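# Fold and geometry: a report
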Amino acid sequence: AMRDGLLTIAGRLDPTLGGRPVDIVNDAKNSRRTVYALVDRQSLPGLFRSFDFAVPDQSVERRPMTTVPQQALFGMNSPFMMEQAKALSARTDKLTGELRVHELYRLVYARNPEASEVQAGLRFVETPPASERSQLTPWQQYAQVLLLTNEVMFVD
């Protein structure tokens with residue numbers, strides 16, 4: 001659900017029904033629904049284990065729900081998350097300043113930002129990056145920050 005939600009927010013979810021399993025772990029640009037993910041029962045990827053994927057060889061009543069550092073690190077460093085941030089940012093490329101922050105909030109959270117959130121967003125994109133090695137533009141980095149928040153993942 002998390003992966004499909006991120007793809008939807010980024011405007012990239014492929015709703016095609018049916019078909020062969022796809023490699024979602026090694027293909028960051030793959031936009032198929034997660035239900036079509038290839039699952040190798042003998043070699044379950046670490047990504048699946050980090051996000052409480054059900055053990056494919058067992059029948060369990062309920063899966064554990066964890067929040068661990070590896071999940072946050074995935075969000076900050078994975079090529080998949082960077083692709084979603086780029087796609088989300090591209091959806092607002094024609095806008096600037098406050099209008100762009102408002103549109104990102106509408107797409108990500110389905111709400112308008114508060115004045116303080118708009119100001120924080122503008123400060124974020126206007127502040128020079130601490131490292132020139134980033135693969136993302138300031139607006140793409142801001143989109144990634146919005147995608148990493150608890151508000152995207154959890155219902156309060």
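Notes on the structure in this doc start here. (Residues numbered from 1 in each chain as written. Predicted model: local features only at pLDDT ≥ 70, side-chain atom pairs only at ≥ 80, totals over all residues. Heavy atoms only, no water.)

We now examine the packing of helix H1 (residues 2–9) against helix H4 (residues 79–90). Contact geometry for H1 and H4: axes closest at 8 Å, N-to-C directions at 30°. Accordingly, the angle class assigned to the pair H1 and H4 is roughly parallel. For the pair formed by H1 and H4, the contact residues are Arg 3, Leu 6, Leu 7 and Ile 9 on the first element and Phe 80, Met 81, Gln 84 and Leu 88 on the second. Partitioning the contact of H1 with H4 into residue classes produces six nonpolar, one polar and one charged. (Axes fitted to C-alpha atoms, helices over the stretch in contact; angles between N-to-C directions. Helix = DSSP H or I, 4+ residues; strand = E, 2+ residues; numbered from the N terminus. Parallel < 35°, antiparallel > 145°, perpendicular 65-115°, else oblique. Contact = heavy atoms within 4.5 Å. Nonpolar A, V, L, I, M, F, W, Y, C, P; charged D, E, K, R; others polar.)

Quick look at the layout of surface pockets now. As a volume, the second largest pocket reaches approximately 270 Å³. Around the second largest pocket, the lining comprises 14 residues; the ones closest to its centre are Met 76, Ser 134, Leu 136, Gln 141 and Gln 144. The set of elements that each furnish at least two residues to the lining of the second largest pocket consists of helix H3 (69–77) and helix H7 (138–147). Take the lining of the second largest pocket: its biggest share by element is three residues, from H7. (1 Å grid on protein atoms, 1.4 Å probe; cavity = no way out; pocket = protein on both sides within 12 Å on 5 of 7 lines; lining within 4 Å. Points joined across faces, edges and corners; volume = space filled by probe spheres on them.)

Looking now at the nonpolar core. Grouped burial of nonpolar side chains is what soluble globular proteins tend to show. Ranked by internal contacts, the top residues of the largest apolar core, which has 23 residues, are Phe 80, Leu 88, Val 101, Trp 139, Tyr 142 and Leu 146. With six residues, the single largest contributor to this core is helix H5 (residues 97–109). When neighbours within four sequence positions are excluded, Trp 139 is seen to be in contact with Ser 89, Gly 97, Arg 100, Val 101, Leu 104, Leu 122 and Val 125. Grouped together as the second largest cluster of nonpolar side chains are five residues, Val 22, Ile 24, Ala 37 and Phe 48 included. (Core = buried A, V, L, I, M, F, W, Y, C linked by side-chain atoms within 4.5 Å. Buried < 20%, exposed > 50% of the residue type's maximum accessible area, 1.4 Å probe, protein only.)

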